[in-house]
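Understanding the architecture of this molecule
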Amino acid sequence: MAVIESMGKVDIINTKVGKNCRGYNGSIIINSDFGDNVSIGNDTNIINCILGNNIAVNRRCYVNDSTIDDFSYLGINTTINFTKIGKFCSIARNADIGGFNHDYTVVSTMPEFRFEQLFNNNIRTSSRVRNEYCNIGNDVWIAAGAHILHNVTIGDGAVIGAGAVVTKDVEPYTIVTGIPARPMKKRFEQKYIDNLLDIKWWNWPTEIIRQNIDLIIHTKINDSTIRKLKKIANAI
């Protein structure tokens with residue numbers, strides 16, 4: 001089993017790591033599984049998580065009970081709870097994703113887990129459902145300071161505007177902004193969206209993506225671009 005390269009004091013407990021993984025000073029990694037080329041920033045906590053290959057988690061993040069697929073990154077001060085994140089996602093600083101709501105219809109808004117800690121010797125009896133995850137698709141951009149509530153699904157290619165509070169599912173390739181977040185527009189015409197969802201370039205082999213970086217990140221979407229992407233996809 002590979003060993004994480006520690007850049008300072010790093011606490012690692014019951015965690016499997018791949019090749020070329022690095023943790024920076026003050027990071028805490030518990031009960032997790034890392035692929036290759038994972039970087040964990042200063043003072044970041046990773047608990048009960050699965051991280052794919054080529055993941056960057058910046059400093060002062062907290063990631064709990066979540067999975068992050070290949071090539072995605074988190075900006076500084078980001079909190080992720082009970083969330084599944086796809087490939088090539090760009091999550092900016094100060095984002096908050098997947099946190100549970102408090103029930104304001106009962107006597108106290110204090111959550112059950114806190115009462116368990118205080119009055120029940122930390123024995124868990126709460127009704128919190130742990131199989132309800134926030135789901136973030138592939139190639140999603142979540143801008144700075146966005147909040148995405150528990151059990152929300154964000155479709156592939158969507159854009160979440162800075163400071164948005166997302167309370168409902170977001171369709172693929174849709175831009176949402178505001179509090180609460182509302183759809184502003186689609187990124188492309190529906191025919192192009194349908195093609196991109198079928199092509200799924202983010203699932204291509206790494207070498208194929210490397211050979212076509214200019215097409216993926218510098219080329220505007222039009223009929224010619226879609227034809228080129230389809231040709232590559234069909235040849236794989």
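Anyway, here's the lowdown on the structure attached to this text. (Residues numbered from 1 in each chain as written. Predicted model: local features only at pLDDT ≥ 70, side-chain atom pairs only at ≥ 80, totals over all residues. Heavy atoms only, no water.)

Comments concerning the packing of aromatic side chains
- Counted by the stated rule, this structure contains seven aromatic pairs.
- On the basis of an interplanar angle of 55° and a centroid distance of 4.9 Å, the ring pair of Phe88 and Trp201 is categorised as tilted. Of this pair, Phe88 sits in the loop between strand E14 (83-85) and strand E15 (90-91) while Trp201 sits in the loop between helix H2 (190-199) and helix H3 (206-211), placing them 113 residues apart in sequence. Comparing Phe88 with Trp201, the two get one shared label, buried.
- One aromatic cluster in this structure is built from Phe71, Phe88, Trp201 and Trp202.
- The aromatic ring of Tyr133 is capped on one face by Lys84, whose charged end is 5.0 Å from the ring centroid. (Phe/Tyr/Trp six-rings, centres within 6.5 Å; stacked < 30°, edge-to-face > 60°. Helix = DSSP H or I, 4+ residues; strand = E, 2+ residues; numbered from the N terminus. Buried < 20%, exposed > 50% of the residue type's maximum accessible area, 1.4 Å probe, protein only. Lys NZ or Arg CZ within 6 Å of the ring centre and 35° of its normal.)

Digging into the sheet that holds strand E10 (residues 62-64)
- One open sheet accounts for eight strands, arranged E2-E4-E7-E10-E13-E16-E19-E22; its pairing is parallel. Each edge of the open sheet is held by one strand with a lone partner, namely strand E2 (11-13) and strand E22 (165-166).
- Pairing of strand E13 (residues 79-81) with strand E16 (residues 96-97) involves two bridges; the strand directions are parallel. What sits directly across from Thr79, in E16, is Asp96. (Pairing = 2+ DSSP bridges.)

Looking at the nonpolar core
- Within the largest apolar cluster, 38 residues are counted, with the highest numbers of intra-cluster contacts made by Phe34, Leu51, Ile136, Ile142, Ile148, Ile154 and Ile160.
- Leaving out residues up to four positions away in the same chain, Phe34 has contacts with Ile4, Lys16, Val17, Gly18, Cys21, Ile29, Ile40, Ile46 and Leu51.
- Core analysis: the next-biggest nonpolar cluster, separate from the first, contains 14 residues, Tyr173, Leu196, Ile209 and Ile226 among them. (Core = buried A, V, L, I, M, F, W, Y, C linked by side-chain atoms within 4.5 Å. Contact = heavy atoms within 4.5 Å.)

Considerations on the pattern of salt bridges
- According to the stated counting rule, one finds five salt bridges in the structure shown.
- The salt bridge partner of Arg22 is Glu5, with a shortest N-O separation of 3.2 Å. On the criterion of sequence distance, the pair formed by Arg22 in strand E3 (residues 22-24) and Glu5 in strand E1 (residues 5-7) is long-range, its members being 17 residues apart.
- Its relative accessible area of 39% is what places Glu5 among the partly exposed residues.
- The partner of Asp223 in a salt bridge is Lys191, and the shortest N-O contact between them spans 3.5 Å. Taken as a pair, Asp223 in helix H5 (residues 223-235) and Lys191 in helix H2 lie far apart in primary sequence, 32 residues in all.
- Accessibility expressed as a relative area gives 39% for Asp223, which makes it partly exposed. (Salt bridge = Lys/Arg side-chain N within 4 Å of Asp/Glu carboxyl O.)

Comments concerning unusual backbone geometry
- In this structure, the amide linkage connecting Ile179 to the following residue, Pro180, adopts the cis form with an omega of -10°.
- Along the polypeptide, Pro180 turns up in the loop between strand E23 (174-177) and strand E24 (182-186).
- Notably, Asn48 is not glycine yet its phi reads approximately 55°, a positive angle.
- Within the secondary structure, Asn48 is located in the loop between strand E7 (45-47) and strand E8 (50-51).

Quick look at the state of the cysteines
- This model, assessed by the stated rule, comprises zero disulfides.
- No disulfide involves Cys61; its sulfur sits 11 Å from that of Cys49, the nearest cysteine.
- Here Cys134 is not disulfide-linked; the sulfur of Cys89 is the nearest cysteine sulfur, at 11 Å. (Disulfide = S-S within 2.5 Å.)

Considering the packing of H2 against H5
- Two elements in contact, H2 and H5, have axes separated by 10 Å at closest approach and are oriented at 15°. Put simply, H2 runs roughly parallel to H5. Of the two possible hands of crossing, H2 and H5 adopt the one that is left-handed. In this structure, H2 contributes Lys191, Tyr192, Asn195, Leu196 and Ile199 to the contact, and H5 contributes Asp223, Ile226, Leu229, Lys230 and Ala233. (Axes fitted to C-alpha atoms, helices over the stretch in contact; angles between N-to-C directions. Parallel < 35°, antiparallel > 145°, perpendicular 65-115°, else oblique. Left-handed = near helix turned anticlockwise from the far one by under 90°.)

Quick look at the environment of Thr219
- Tracing the backbone shows Thr219 in the loop between helix H4 (213-218) and H5.
- Using a relative accessible area of 30% as the deciding quantity, one classes Thr219 as partly exposed.
- Among the polar contacts made by the side chain of Thr219, one reaches the main-chain carbonyl oxygen of Asp214 at a distance of 3.2 Å.
- A distance of 3.2 Å separates the side chain of Thr219 from the backbone oxygen of Leu215, its partner in a polar contact. (Polar contact = N/O pair within 3.5 Å; in protein donor to acceptor, adjacent residues only side chain to side chain.)

Remarks on the environment of Ile50
- Relative to the helices and strands, Ile50 is located in strand E8.
- The contact partners of Ile50, leaving out residues within four places of it in the chain, are Asp33, Ser66, Thr67 and Ile68.

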